[in-house]
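# Structure assessment
Now for the letters of each chain:
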Amino acid sequence: MNKGRILVIEDEQKIAEIVKAYLEKDGFHVTVAPTGRKAMSLLKDKYDLIILDLMLPDMDGEDICLAVRKDSDVPIIMLTAKSEEEDRIKGLGIGADDYVVKPFSPRELVARVKAMLRRVKGAKESSSFNKGGLVIDSFRFEVRKSGSPVVLTPTEFRLLQCLAERPGQIFSRLQLVNVILGYDFEGYDRTIDAHIKNIRHKIEEDPRDPSYIKTVYGVGYRFIGQPDED
Ligand code: CA
């Protein structure tokens, strides 16, 4: 039984072994990279999800995250000993989809891995807005802006999909956090803002004058794209 391939980038051998054991027990195929350099060489292969330690001996986890995001939207869960909100937001801002603060329970990590993979696979249809200006293909997991593909991370995709499923409806940041993660956490409002900012830069002509995601001051966000006829 192979539920998916996971790359674990972690220099602390004990943690890597525990994470590997728990994931394998659940049917995942796990590859461990103990250094950034090793990870970079392994990235040629395809993975369904990457677990990335932020602090590696030879490379900064953030640099690996950015390198992965250059040509892949594979879900990334960051492991971090840094618990400062700034660092977490930064992790999500550079394209990580979730993060787990050390020390963590392996069981919780496995639960997050499964939740993330479910979210990635869950979606089905395709919808078009503003006369084809924005197309969200939930089956192929693709977004096109005026016909050109836009690469969103799984979290950005899920956020956009959620907003676009109910045009006009206002979502609070807390609701959006629940949508993408299935639970609340500290600092959620700025996390959502960081994701929305990323999405806008990718899908809007002018992120400062958005045609798709509007900020509702003091409340949250709503999707203002006009659904096209089928
Ligand atoms: Ca480390």
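Now for a look at the structure at hand. (Residues numbered from 1 in each chain as written. Predicted model: local features only at pLDDT ≥ 70, side-chain atom pairs only at ≥ 80, totals over all residues. Heavy atoms only, no water.)

## With respect to the overall build of the protein
Scanning the protein from N- to C-terminus turns up eight helices and 12 strands. When burial is assessed residue by residue, the protein has 48% of its 230 residues classed as buried. Summed over all atoms, the accessible surface of the protein reaches about 11,800 Å², with 50% contributed by carbon and sulfur. (Helix = DSSP H or I, 4+ residues; strand = E, 2+ residues; numbered from the N terminus. Buried < 20%, exposed > 50% of the residue type's maximum accessible area, 1.4 Å probe, protein only. Areas by Shrake-Rupley, 256 points an atom, 1.4 Å probe, with all protein chains shown as cover.)

## Here we look at the coordination of the calcium ion
On the protein side, the calcium ion has Asp11 (OD), Asp53 (OD) and Met55 (O) as donor atoms, found 2.1 to 2.3 Å from it. Between consecutive donors of the calcium ion, the numbers of intervening residues give the motif D-x41-D-x1-M. Of the two residues, Asp11 sits in the loop between strand 1 (4–9) and helix 1 (13–25) while Met55 sits in the loop between strand 3 (49–53) and helix 3 (61–71), which places them 44 residues apart along the sequence. What makes Asp11 partly exposed here is its relative accessible area of 30%. (Donors = N, O, S within 2.8 Å, 3.2 Å for Na, K, Ca; no water.)

## A closer look at the pairing of strand 7 (residues 134–137)
Here strand 7 shows two buried faces, one formed by Leu134 and Ile136 and the other by Val135 and Asp137. Direction of pairing for strand 6 (residues 126–129) relative to strand 7: antiparallel, over a ladder of four bridges. Within the sheet, the bridge partner assigned to Phe129 lies in strand 7 and is Leu134. Across four bridges, the pairing between strand 7 and strand 8 (residues 142–145) is antiparallel. Pairing of Asp137 across the sheet is with Glu142, part of strand 8. (Pairing = 2+ DSSP bridges.)

## A short note on helix 3
The complete set of buried residues in helix 3 reads Gly61, Glu62, Ile64, Cys65, Val68 and Arg69. End-on view of helix 3: buried residues confined to an arc of 160 degrees, all on one side of the axis. In helix 3, the exposed residues that point more than 90 degrees away from the buried face are Lys70 and Asp71. (Arc of directions from axis to C-beta.)

## Comments concerning the pattern of salt bridges
Considering all chains together, one arrives at 13 salt bridges under this definition. Measuring nitrogen to oxygen at the nearest pair gives 3.0 Å for the salt bridge that ties Lys102 to Glu12. Placement of Lys102 in the loop between strand 5 (98–101) and helix 5 (106–122) and of Glu12 in the loop between strand 1 and helix 1 is noted, with a sequence separation of 90 residues between them. Salt-bridge contacts for Asp193 lead to Arg173; the nearest nitrogen and oxygen are separated by 2.6 Å. Taken together, the residues Asp193 in helix 8 (residues 188–203) and Arg173 in helix 7 (residues 173–181) connect sequence positions 20 residues apart. When salt bridges with common partners are traced through the structure, they connect Glu10, Glu12, Asp53 and Lys102 into a single cluster. (Salt bridge = Lys/Arg side-chain N within 4 Å of Asp/Glu carboxyl O.)

## Focus on the sheet that holds strand 9 (residues 148–150)
The pairing of strands in a sheet happens through backbone hydrogen bonds and is either parallel or antiparallel. Here we have four strands laid out as an open sheet, ordered 6-7-8-9, and antiparallel in their pairing. Single-partner strands in this sheet number two, and they are strand 6 and strand 9. Across the sheet, the mean angle separating the axes of adjacent strands is 25 degrees when strand polarity is ignored. Of the strand pairs in this sheet, strand 8 and strand 9 are connected by three bridges, and their pairing is antiparallel. Of the residues in strand 9, the one forming a bridge with Val143 is Val150. Along the sheet, helix 6 (residues 154–165) contacts strand 6, strand 7 and strand 8; its crossing angle with strand 7, the most-contacted strand, is approximately 110 degrees. Helix-sheet contacts for helix 8 involve strand 7, strand 8 and strand 9, and the interaxial angle to strand 8 is about 55 degrees. (Axes fitted to C-alpha atoms, helices over the stretch in contact; angles between N-to-C directions. Contact = heavy atoms within 4.5 Å.)

## Examining the nonpolar core
Residues Leu160, Ile213 and Phe223 are the most contacted members of the largest nonpolar core, which totals 25 residues. Mapped by element, the contributors of at least two residues to this core are strand 7, helix 6, helix 7, helix 8 and strand 12 (220–223). At six residues, the largest contribution of residues to this core is made by helix 6. Filtering out sequence-adjacent residues up to four positions away, Leu160 remains in contact with Ile136, Val143, Leu152, Ile199, Ile203, Ile213 and Phe223. Counting residues in hydrophobic clusters, the runner-up holds 19 residues, among them Leu54, Cys65, Met78 and Ile94. (Core = buried A, V, L, I, M, F, W, Y, C linked by side-chain atoms within 4.5 Å.)

All quantities given are derived from atomic positions and should not be read as evidence of function.
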